[in-house]
Amino acid sequence: MGGTILRRWPLLVALLLGGASVSVVADLPERQEREALRVCADGNNLPFSNEAGEGFENRIAELMAEDLGVPLVYVWSPQVMGFVRNTLELRVCDVMIGAVAGYEFVQNSNEVYRSVYSLVVPEDSDLRVESLTDPLLQGRRIGVVTETPPLVPLRRTGATLQGYPLMVDTRVRAPVRDAIEDVVSGRTEGAVLWGPLAGYYAARQEPPLRVIPLVDDDSGAHLDYRITMGIRRGEPHWKDWINDFINRRQDEIHAILAEYGVPLLDRRGRLLSPGAGGES
């Protein structure tokens with residue numbers, strides 16, 4: 001699955017370039033012919049992507065390659081600081097399947113999907129809250145990834161927080177998986193996590209955990225985000241093709257995301273449907 005695989009050589013390319021200016025590389029003319037769809041991806045970052053092709057970004061990339069009629073090629077690199085510099089900017093790959101809208105290091109496509117932070121709790125929990133300001137959270141043991149938007153409102157509400165690191169090498173650690181396992185074990189009573197991660201890991205527990213998308217949160221925290229594809233600046237034709245692809249294949253993309261339990265929002269910020277992201 002996924003065509004030819006190139007394993008972690010962007011870092012070697014960076015070393016070979018030495019002190020060369022990345023801007024010189026980035027200013028080359030836009031590619032007009034594509035012999036392959038070259039995707040920048042993390043090889044160990046489910047539910048988004050992995051080297052076995054099991055993530056939903058892998059599935060979307062397969063749709064793109066099929067639509068283009070070319071082989072799918074991955075350039076694998078841990079999605080940590082320097083990811084864009086070592087992949088897109090070196091022109092060793094041409095697209096990130098998932099990039100938050102407004103991410104300053106790339107040119108964004110149109111919206112691929114929109115999701116929201118969600119509360120994950122055991123099925124029999126009384127924590128059926130819809131906002132991070134709910135007094136029911138006071139004193140409750142809640143997991144949260146550090147430096148993410150839910151942290152401050154949870155602290156203000158008086159929850160007892162269990163933190164997990166944000167920036168990690170995914171080959172070594174999986175903080176969100178740890179947060180989910182802590183809910184299962186009872187170390188915490190719930191966790192507030194980014195929707196795609198919450199939906200994916202909660203569904204894989206036995207019994208499955210309940211996922212409550214925080215679409216009615218009134219804490220003032222920014223909890224819902226538009227996710228785009230990321231490409232290099234100065235590539236208008238490539239951006240136009242990607243935007244057209246997203247428009248034509250949107251229903252198929254949403255169907256893939258729903259399979260992974262991603263809470264999906266419409267353009268008004270409401271859940272698309274119970275089957276595509278309601279409480280699970």
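Scope of this entry: the structure provided in the associated data block. A quick note: this is a predicted structure, and the numbers were derived from the prediction, not measured.

The rules behind these values
Residues numbered from 1 in each chain as written. Predicted model: local features only at pLDDT ≥ 70, side-chain atom pairs only at ≥ 80, totals over all residues. Heavy atoms only, no water. Helix = DSSP H or I, 4+ residues; strand = E, 2+ residues; numbered from the N terminus. Buried < 20%, exposed > 50% of the residue type's maximum accessible area, 1.4 Å probe, protein only. Contact = heavy atoms within 4.5 Å. Areas by Shrake-Rupley, 256 points an atom, 1.4 Å probe, with all protein chains shown as cover. Pairing = 2+ DSSP bridges. Axes fitted to C-alpha atoms, helices over the stretch in contact; angles between N-to-C directions. Polar contact = N/O pair within 3.5 Å; in protein donor to acceptor, adjacent residues only side chain to side chain. Parallel < 35°, antiparallel > 145°, perpendicular 65-115°, else oblique. Left-handed = near helix turned anticlockwise from the far one by under 90°. Nonpolar A, V, L, I, M, F, W, Y, C, P; charged D, E, K, R; others polar. Salt bridge = Lys/Arg side-chain N within 4 Å of Asp/Glu carboxyl O.

What follows is about the overall build of the chain. A count of helical and extended segments in the chain gives eight helices and 14 strands. Split into buried and exposed, the 280 residues of the chain put 53% on the buried side. For the chain, contacts bridging at least 24 residues in sequence account for 71% of all contacts bridging at least 6. When the accessible area of the chain is evaluated, it comes to approximately 12900 Å², of which 51% is carbon and sulfur surface.

On the basis of which strands lie adjacent, the open sheet formed by five strands has the order E11-E10-E12-E9-E13 and mixed pairing. In this open sheet, the two strands that pair with only one neighbour each are strand E11 (160-164) and strand E13 (210-213). Going across the sheet, the axis of each strand differs from the next one's by a mean of 25°, ignoring polarity. Strand contacts of helix H6 (residues 195-203): strand E9 (118-121), strand E12 (190-193) and E13, with the helix running at about 20° to E9, the strand carrying the most contacts.

Before going further, it helps to spend a moment on the side chain of arginine 114. By the element assignment, arginine 114 lies in strand E8 (residues 113-116). Take arginine 114: its relative accessible area is 15%, and that puts it in the buried class. At a separation of 3.5 Å, a polar atom in the side chain of arginine 114 contacts the main-chain carbonyl oxygen of aspartate 266. In this structure the side chain of arginine 114 is engaged in a polar contact, spanning 2.9 Å, whose partner is the backbone oxygen of arginine 267. Each residue touching arginine 114, except ones within four places of it in the same chain, is listed here: Asp224, Tyr225, Arg226, Pro263, Leu264, Leu265, Asp266, Arg267, Arg268 and Gly269.

In this section: the packing of helix H3 (residues 56-68) against helix H8 (residues 250-259). Where H3 meets H8, the closest approach of the two axes is 10 Å, and the angle between their N-to-C directions is 160°. Taken together, the axes of H3 and H8 lie roughly antiparallel to each other. Taken as a pair, H3 and H8 cross one another with a handedness that is right-handed. Where H3 approaches H8, its residues Phe56, Arg59, Ile60 and Leu63 are matched on the opposing element by Glu252, Ile253, Ile256, Leu257 and Glu259. Partitioned by chemical class, the residues of the contact of H3 with H8 number six nonpolar, no polar and three charged.

Quick look at the pattern of salt bridges now. Tallying each qualifying case throughout the model produces 21 salt bridges. Measuring nitrogen to oxygen at the nearest pair gives 2.7 Å for the salt bridge that ties aspartate 244 to arginine 248. With aspartate 244 and arginine 248 both in helix H7 (residues 236-248) and four residues apart, this pair spans about one turn of that helix. Two residues, arginine 268 and aspartate 266, come together in a salt bridge whose shortest N-O distance is 3.4 Å. Judged by its relative accessible area of 70%, arginine 268 is exposed. One continuous salt-bridge network, built from bridges that share partners, spans Arg34, Arg38, Arg91, Asp94, Arg232 and Glu235.

Put simply, side chains in a regular strand alternate between the two faces of the sheet. Across the five residues of strand E5 (residues 72-76), five count as buried, placing the element largely inside the fold. Going residue by residue along E5, you find Leu72, Tyr74 and Trp76 tucked away on one face and Val73 and Val75 tucked away on the opposite face as well. The pairing of strand E2 (residues 37-41) with E5 spans five bridges and is classified as parallel. Opposite leucine 37, over in E5, you have leucine 72 as the bridge partner.

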